[in-house]
Amino acid sequence: MYNLLIGGAAGQGVDTITHVLERFIKHAGCGVFTTRDLMSRIRGGHNFALLRFGQTAPSGHDDRLDGLIALNEETLALHLPSLDPQGFALTGLDSDSQDPRVIKLDSLGIAKSLGNQRAAGSVALGAALKLLGIPFTREAAGPIFARYLKEDLVPVNVQAAQAGHESVSQLKKPLQGPYDGHLLLSGAQALCFGAMAAGLQFYAAYPMSPSTSILEHLAQHAGEVGYLVEQAEDEIAAINMALGASYAGARAMTGTSGGGFSLMVEGLGLAGMGEIPLVVVNAMRPGPATGLPTRTEQSDLRFVISAAQGEFPRMVIALRNHEDAFHQTARAFEMAEKYQIPVILLTDQYLQEATATIPLPNPYHIRQPQPLPPEGKGEYARYRYTKSGISPRILPGDPRGFSAVDSDEHDEQGRIIEDADTRVKMMDKRMGKLALLKKDLQEPEHLGEKEPDILLIGWGSMDGPLREAVDLLNAGEGPRVGALVFGDVWPLPERRLRKYAQQAKQRINVEQNYTGQLAQLIREQTGIAMDASVLKYDGRQLTGAQIADRVTKEAGK
Amino acid sequence: MTQQHIYQTHETAWCPGCGNFGILEALKMALEGLNLDPHDVVILGGIGQAPKTPQYIECNSFCGLHGRAVPPAVAVKMVNLNLKVIINSGDGDSYGEGGNHFLHNIRRNVDIAHFVHDNQLYALTKGQASPTTMEGMVTPVQVEGSMSIPFNPLLVALGTGAGFVARGFSGRPEHLAGLMKRAISYRGYALVDIFQNCVTFNKLNTYAWYNSRVYELDDSHDTSDLAAAMALASQFGEQIPIGVLYEKPQPDYNSRHAQLSSGQVLAGRDNDPEVVARLMRQLV
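Participant: I'm lost on the domain arrangement of chain A in this one. Help?
Facilitator: All names here are of chain A. Looking at the assigned domains, one finds that chain A contains domain 1 (2–166), domain 2 (184–358), domain 3 (371–440) and domain 4 (445–554). Computed from C-alpha atoms alone, the centre-to-centre distance between domain 1 and domain 4 is 35 Å. Each side of the interface is counted separately: domain 1 has seven residues, and domain 4 has ten residues. For the pairing of domain 1 and domain 4, the buried interface totals around 620 Å² over both sides, and the portion due to carbon and sulfur atoms is 42%. When the area that domain 1 buries against domain 4 is broken down by residue, the three leading residues are Ser59, His61 and Asp63, summing to 61%. Scanning the region where domain 1 abuts domain 4 turns up two salt bridges.

Here it is in structure tokens:
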């Protein structure tokens, strides 16, 4: 497995070069996992992408580098210390570095001679491919560049990449794998396709990093697939629009990050009280307040589980990886509609923006739950008391009855009440849906040893790093390690947790936050306490190697 | 035919003499006059005394959150243009808590009718100043009198580009019903600000106060004249005009929208799995 860093100032083309490299590498058959480290600015600063690839698809990123494309001197200075002794660093001729691993390339001169100095990045790109043993053909290069560049810029960039490819000698052993036919997509894209596959008809949102990419991806395909995307005037409008659309019978979703979710909280309660199916995405970033807008964290778990006044049933699903993002987003729509509840999807900057190779998901096997027909005789009542707590739902426009929503406590017809008896019956009806929902929960995925000495516990996007950490730890002579990675976090599935927690000698939670929020939740719900924690809250995701190091230090304490 | 369906329920929570009764009566006249099937009508409200209206009339209803009647209303229309969407909400709900939605949905121009029961104070919370409270009015909170410049919803709507702007009075239900019918029939966002007396808390803007000041606009007013409409919207003193101040046809949201202009209904629709699969295959 190789790890390549592409770095430069904002506006220097880091993103385009990375996209093109990913495509060439996947075309050669390798599995790819790329993370982006962006500053919250449009020009200047220091941005980089970490492109990891291999014969098997990487599950996460790493910070030890085999190659470095430095579009400016700052990138070289910052990242040369992480470069492997056998690695390479590509720079321009102007670099004054004396490091033997540095290859000074006249990218600018070559690009100028080809007639466009802005193609200098493609020269470095071509050289990097050669050094990494990735084949280059003009036939393959044209369509790849055409995905990301204006048509008239494609030929010069293909020429520049070819010139770069010819300017250096192969350094690394070539890698090959079965991934050419896989999809290459971001976590945000996987989420969007999951929503489309589930029949999304309405998405309203207000731009906020790192959720904006959902708004953009969905807008891009709205016309072709036929759903509606509306940019709301604020997050309060976004969730209330989604509620209106859902009430009228369109599968609806809204998305935001923690700050916007804070504004949506009252609307979340309306979804609970009105029993309106709704999917809400919270793409987490470090808080509180504006926090670190372009970084990652898993610190909204406790918040979204308890957000809004009062008590109502809800479901919270944390997305673990790209494939999971597709399937769980589709499942979120199914759960929301089946139970007439809000379902919250927790993702984060790391997963939203990371790109990965996944097999083509089958969009046909997702069950499409239909609104229940009115049952029994007599007048239709939107909030009819039923054994399951789920009332038959008809849509406005249906001649069989009237659809009512009331944010006040209400009777079966949806009219305001204040009497104690109806209040209790309605609370019991709504909360009673939880018992059924619990039967639909998915247990956390188990990784590694079946009877581990150490049980690692994580959730959401810690999935990839945990997979690598478990493999690294079990490759050594130390204690045997297993892990549970939670996707469904609320209601908390307990069966597998109780089983493994009891067997293990030591239990360690691994989370991207300060307080160990999943550990708190587990203790509150089950009484099971962790013996140690591996936590990080600097806005940069833990790597598998970092987890393995820290677990080793905690082992046996 | 529809008359038998639309009826007042057995109980309202309004004070005897409340202006809301006149508005509810006008609303029923308008809906029946337009011969609308109540199953195709959705009435939405936020929170307050006015937004209880949907509770008292038999049709589809959405009594949502305070200040948030407009966002769900426009979304209902976006996903199902076959429904008639009406908002009944108060001045605090529409212009205060929901001010941002008011502004931006005038711009969005979705085909809804927005009836604002404007009693110039908060009634559900017992008499505090609202955006339209007159300067100097003493309330339990504004104990020295309201200090803020009153909000002029008609002028703001006209200035923001609304295509239908009217004012009515709860004490003239037949005249009001006429305004409501025109607002419901207008294709686009239609605002009717309705003077409404609050018998319990507003001792300044009483039924008599409104009744002695309002005058009905006649045919001499050209409703396509924006400058004239703005001049009328600025009249708030001894003489206050009621009627349609401004009416201009302009393309509404659905008819301008690439996906909705053909009459596509998104409610109850599913996506074509082949199309989704084709888009995903483009990522190979």
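Participant: Is there a simple way to explain the packing of helix H8 (residues 212–225) of chain A against helix H10 (residues 273–281) of chain B in this structure?
Facilitator: Packed helices, taken two at a time, are described by their axes: the angle between them and the distance between them. Viewed as axis vectors pointing N to C, H8 of chain A and H10 of chain B meet at an angle of 140°, and their least axial separation amounts to 10 Å. As summarised for this structure, H8 of chain A and H10 of chain B are arranged oblique, according to the angle between their axes. The crossing of H8 of chain A and H10 of chain B is right-handed. In contact with His221, Glu224 and Val225 of chain A of H8 of chain A, H10 of chain B contributes Val275, Val276, Arg278 and Leu279 of chain B. Residue composition of the contact of H8 of chain A with H10 of chain B, by class: four nonpolar, one polar and two charged.

Participant: It is not clear to me how the pairing of strand S1 (residues 2–10) of chain A should be interpreted in this structure. Could you clarify?
Facilitator: The side chains of a regular strand alternate, residue by residue, between the two faces of the sheet. Residue and element names in this part refer to chain A. With respect to burial, S1 is a largely interior element, nine of its nine residues being buried. With eight bridges connecting them, S1 and strand S3 (residues 44–54) associate as antiparallel partners. Paired with Gly8 across the two strands is Asn47, which belongs to S3. Sheet topology note: the S1/strand S4 (residues 65–70) ladder contains four bridges and is parallel. By the bridge assignment, Ile6 is partnered in S4 with Ile69.

Participant: Could you clarify how one ought to interpret the interface of chain A and chain B in this entry?
Facilitator: A common way to state how big an interface is: give the accessible area lost once the parts meet. Contacts between the two partners involve 70 residues from chain A and, on the opposite side, 55 residues from chain B. Considering only the side of chain A, the residues that lose the most area to chain B are Glu233, Phe402 and Arg415 of chain A, jointly responsible for 15% of the buried surface there. Seen at the junction of chain A and chain B, the total is five salt bridges. For Glu224 of chain A, the salt bridge is made with Arg278 of chain B, and the minimal N-O distance between the two is 2.7 Å. Where chain A touches chain B, the interface holds 36 residue pairs in polar contact (both at pLDDT 80 or more). Broken down by secondary-structure element, the contributors of at least two residues to the side of chain A that touches chain B are helix H1 (14–27), strand S7 (183–186), helix H7 (187–197), H8, strand S9 (228–231), helix H9 (235–248), helix H10 (258–274) and strand S15 (404–406) of chain A.

Participant: Any chance you could explain the sheet that holds strand S12 (residues 315–318) of chain A here in plain terms?
Facilitator: Paired through backbone hydrogen bonds, the strands of a sheet run either parallel or antiparallel to each other. All names here are of chain A. Read across the open sheet, the seven strands follow the order S9-S8-S10-S11-S13-S12-S19; overall the sheet is mixed. Both outer strands of the open sheet, S9 and strand S19 (488–490), are each paired with one neighbouring strand and no more. Going across the sheet, the axis of each strand differs from the next one's by a mean of 20°, ignoring polarity. Two elements, strand S10 (residues 252–256) and strand S11 (residues 278–284), share four bridges in a ladder whose sense is parallel. Looking at the pairing, Met253 lines up with Val279 of S11.

Participant: Please explain the pattern of salt bridges as it appears in this structure.
Facilitator: Oppositely charged side chains are able to pair whenever their charged atoms sit close together. All names here are of chain A. Under the criterion given, the structure shown has 40 salt bridges over all chains. Here Glu468 and Arg52 are joined by a salt bridge, their closest N and O atoms 2.6 Å apart. Linking Glu468 in helix H15 (residues 463–475) with Arg52 in strand S3, this pair joins segments that are 416 residues apart in sequence. Taken individually, Glu468 and Arg52 each receive the classification buried, so the pair is uniform in this respect.

Participant: Quick question: what am I supposed to make of unusual backbone geometry here?
Facilitator: Note: most peptide bonds trans; most residues except glycine with negative phi. Between Gly287 of chain A and the following residue, Pro288 of chain A, the backbone shows a cis peptide bond with an omega angle of 0°. Mapped onto the elements, Pro288 of chain A comes out in the loop between S11 and helix H11 (301–306). Residue Trp490 of chain A is joined to Pro491 of chain A through a cis peptide bond whose omega torsion reads -5°. Checked against the element boundaries, Pro491 of chain A lands in the loop between S19 and helix H16 (495–503). With phi around 50°, Ala289 of chain A is a residue other than glycine that occupies positive phi space. Structurally, Ala289 of chain A is set in the loop between S11 and H11. Phi is positive for Gln120 of chain B, close to 60°, though the residue is something other than glycine. Along the chain, Gln120 of chain B falls in the loop between strand S4 (113–118) and helix H5 (153–160). Using a relative accessible area of 2% as the deciding quantity, one classes Gln120 of chain B as buried.

Participant: How should the packing of H1 of chain A against helix H5 (residues 138–148) of chain A be read in this particular structure?
Facilitator: All names here are of chain A. Running from N to C, H1 and H5 cross one another at 145°; their axes reach a closest spacing of 10 Å. Crossing angle aside, the handedness with which H1 passes H5 is right-handed. Note on element contacts: H5 touches H1 through Ala140, Ala141, Ile144, Phe145, Arg147 and Tyr148, opposite Thr16, His19, Val20, Arg23, Phe24 and His27. Of the residues assigned to the contact of H1 with H5, the class counts are seven nonpolar, three polar and two charged.

Participant: Looking at this structure, I do not really get the environment of Leu21 of chain A. What am I missing?
Facilitator: Residue and element names in this part refer to chain A. Among the structural elements, Leu21 can be located in helix H1. Residue Leu21 is classed as buried on the basis of its relative accessible area of 0%. Taking the C-alpha atoms as reference, Leu21 lies 8.8 Å from Ala128; in sequence the two are 107 residues apart. Here Leu21 is in contact with Leu4, Ile6, Leu51, Ile69, Leu125 and Leu129, once residues within four sequence places are set aside.

Participant: Would you mind going over H8 of chain A with me for this structure?
Facilitator: The α-helix winds at 3.6 residues per turn, so residues separated by three or four positions along the chain end up facing the same way. All names here are of chain A. Here H8 is 14 residues long and its end C-alpha atoms lie 20 Å apart, about the 20 Å a rise of 1.5 Å per residue gives. A bend of about 30° at Ala219 is the largest found in H8. Those residues of H8 lying buried are Ser213, Ile214, Leu215, His217, Leu218, His221, Ala222 and Val225.

Reading the values: rules and limits
- Residues numbered from 1 in each chain as written.
- Chains lettered and ligands numbered in written order.
- Predicted model: local features only at pLDDT ≥ 70, side-chain atom pairs only at ≥ 80, totals over all residues.
- Heavy atoms only, no water.
- Domains from an automatic or database assignment.
- Contact = heavy atoms within 4.5 Å.
- Buried area = accessible area lost by both parts, 1.4 Å probe.
- Salt bridge = Lys/Arg side-chain N within 4 Å of Asp/Glu carboxyl O.
- Axes fitted to C-alpha atoms, helices over the stretch in contact; angles between N-to-C directions.
- Helix = DSSP H or I, 4+ residues; strand = E, 2+ residues; numbered from the N terminus.
- Parallel < 35°, antiparallel > 145°, perpendicular 65-115°, else oblique.
- Left-handed = near helix turned anticlockwise from the far one by under 90°.
- Nonpolar A, V, L, I, M, F, W, Y, C, P; charged D, E, K, R; others polar.
- Buried < 20%, exposed > 50% of the residue type's maximum accessible area, 1.4 Å probe, protein only.
- Pairing = 2+ DSSP bridges.
- Polar contact = N/O pair within 3.5 Å; in protein donor to acceptor, adjacent residues only side chain to side chain.
- Expected span 1.5 Å × (residues − 1).
- Bend = angle between axes of the 7 residues up to and from the residue.

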